[in-house]
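# Architecture at a glance
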Amino acid sequence: MNLTLKIWRQKGANDKGKIVDYPVSGISPDMSFLEMLDVLNQELIEKGEAPVAFDHDCREGICGTCSLYINGRAHGPSTKITACQLHMRSFSDGDTIYIEPWRAKAFPVIKDLIVDRSSFDRIQQAGGFISVNTSGNTQDANAIPIEKENADKAFDAATCIGCGACVASCKNSSAMLFVSAKVSQFALLPQGQVEATDRVLNMVKQMDEEGFGNCTNTGACEVECPKGISLENIARMNREYLAASFKG
Ligand code: SF4
Ligand code: FES
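Residues numbered from 1 in each chain as written. Chains lettered and ligands numbered in written order. Predicted model: local features only at pLDDT ≥ 70, side-chain atom pairs only at ≥ 80, totals over all residues.

Assigned secondary structure in the chain consists of eight helices and seven strands. In terms of principal-axis extent, the alpha carbons of the chain reach across some 60 × 35 × 35 Å. Per-residue burial for the chain yields a buried fraction of 35% across its 248 residues. Contacts in the chain between residues far apart in sequence, at least 24 positions, make up 69% of those at least 6 positions apart. (Helix = DSSP H or I, 4+ residues; strand = E, 2+ residues; numbered from the N terminus. Buried ≥ 20, exposed ≤ 12 C-beta atoms within 10 Å, placed from the backbone. Contact = placed C-beta atoms within 7 Å.)

Have a look at this one:
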């Protein structure tokens, strides 16, 4: 396949940045999208030019780092996959492909296609944990009965990989889907009840301080989420927040 790539290049946080055209040829439809970028970068290095900086780690849909906006969609044209799971067979010979970083105030661009998503880490640090008694009296988690439906919903919420596609696809740059998944995975389990009140209040407070926008129920986040995190989690977080506000 021969393609024209239009890639966002930005030398650093204070650089204005611009789209630069790169032709690439000899791309196999069986290559992953990131392998296609590897081919381009190899060519750029051989020509003595700076390779395109992009984030990646696991390359199998687990780590959530491959945050690419491809042809105007978070993680590209396919649903329920990350950019590293996207293959070139999703495109046609001769295509022009736009590749940009996530766009959100709370995700500033570091370089080219890499954004700083440490705001998500700070939200997690504000409440995305449980306290466990490790004094020798620790209760075996398997000995705590949990309703199947709640266990399944908690597990579904826990599949959020923190990629940020929900923020990037939201017109308000809202992080509600991410935060609600992190709140829900504990709110549905007995182990999460000890810090439940503080957790939701602190995580929402941190989310607001980081500069994420509000949710206006558009639902783009759910459509673009590679893990199929449901909007139901946002409704659950709102209930948790309301209850915690009365207690707090
Ligand atoms: S909710 Fe979905 S889109 Fe948002 S960070 Fe988690 S996995 Fe990514
Ligand atoms: S590189 Fe880990 S999810 Fe894509």
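Attention shifts here to the domain arrangement of the chain. For the chain, the domain assignment lists domain 1 (3-111) and domain 2 (117-247). Look at where the C-alpha atoms of domain 1 and domain 2 centre, and you get two points 29 Å apart. In this assembly, 18 residues from domain 1 lie in contact with 17 residues from domain 2. Residue composition of the side of domain 1 that touches domain 2, grouped by class: nine nonpolar, five polar and four charged. (Domains from an automatic or database assignment. Nonpolar A, V, L, I, M, F, W, Y, C, P; charged D, E, K, R; others polar.)

Taken together, the neighbourhood of ligand 1 is formed by 14 residues, with C160, C163, A165, C166 and C225 sitting nearest. The set of elements that each furnish at least two residues to the shell around ligand 1 consists of α4 (165-169) and α5 (176-187). Ranked by residues supplied to the shell around ligand 1, first place goes to α5 with three residues. For the shell around ligand 1, a count of residues per class yields 11 nonpolar, two polar and one charged. (Near = placed C-beta within 6 Å.)

Right, let's get into the packing of helix α3 (residues 148-158) against α5. Each pair of packed helices can be described by the angle between their axes along with the distance between the axes. Interaxial distance between α3 and α5 falls to 8 Å at its minimum, and their mutual angle equals 145 degrees. The way α3 lies across α5 gives a crossing that is left-handed. Contact with α3, carried on its side by A154, A157 and A158, involves A181, S184 and Q185 of α5 and no other residues of that element. (Axes fitted to C-alpha atoms, helices over the stretch in contact; angles between N-to-C directions. Left-handed = near helix turned anticlockwise from the far one by under 90°.)

This part covers the sheet that holds strand β3 (residues 69-70). Hydrogen bonds along the backbone pair up the strands of a sheet, which may run parallel or antiparallel. Ordered by their spatial adjacency, five strands build an open sheet running β2-β1-β5-β3-β4, and the pairing between neighbours is mixed. Edge positions in the sheet fall to β2 (18-24) and β4 (73-74), since each has one partner strand and no second. (Pairing = 2+ DSSP bridges.)

A separate point is the packing of helix α6 (residues 196-209) against helix α8 (residues 232-247). Their axes nearest at 9 Å, the elements α6 and α8 cross at an angle of 110 degrees. Taken together, the axis directions place α6 and α8 in an arrangement best described as roughly perpendicular. Packed against α6, whose contacting residues are A196, T197, V200, L201 and V204, the element α8 presents M237, E240, Y241, A244 and K247 at the interface. (Parallel < 35°, antiparallel > 145°, perpendicular 65-115°, else oblique.)

Summarising burial for β2: zero of the seven residues are buried, a small minority. Sheet topology note: the strand β1 (residues 3-9)/β2 ladder contains seven bridges and is antiparallel. Note that in β2 the partner of L5 across the bridge is Y22.

In the sheet, β1 pairs with strand β5 (residues 96-100) via four bridges, with the strands oriented parallel. Counted as the bridge partner of T4 is T96 from β5.

The end-to-end C-alpha distance of helix α1 (residues 33-46), which contains 14 residues, comes to 20 Å, matching closely the 20 Å that a straight helix rising 1.5 Å per residue would cover. Looking at α1, one finds that the buried residues are F33, M36 and L37. Summarising the axial view, the buried residues of α1 lie within an arc of 100 degrees, below the 170-degree limit, and thus occupy one face. In α1, the exposed positions that point more than 90 degrees away from the buried face belong to Q42, I45 and E46. Each element contacted by the buried residues of α1 is listed here: β2. Of the residues flanking the end of α1, it is G48, one or two places downstream, whose phi is positive at about 80 degrees. (Expected span 1.5 Å × (residues − 1). Arc of directions from axis to C-beta.)

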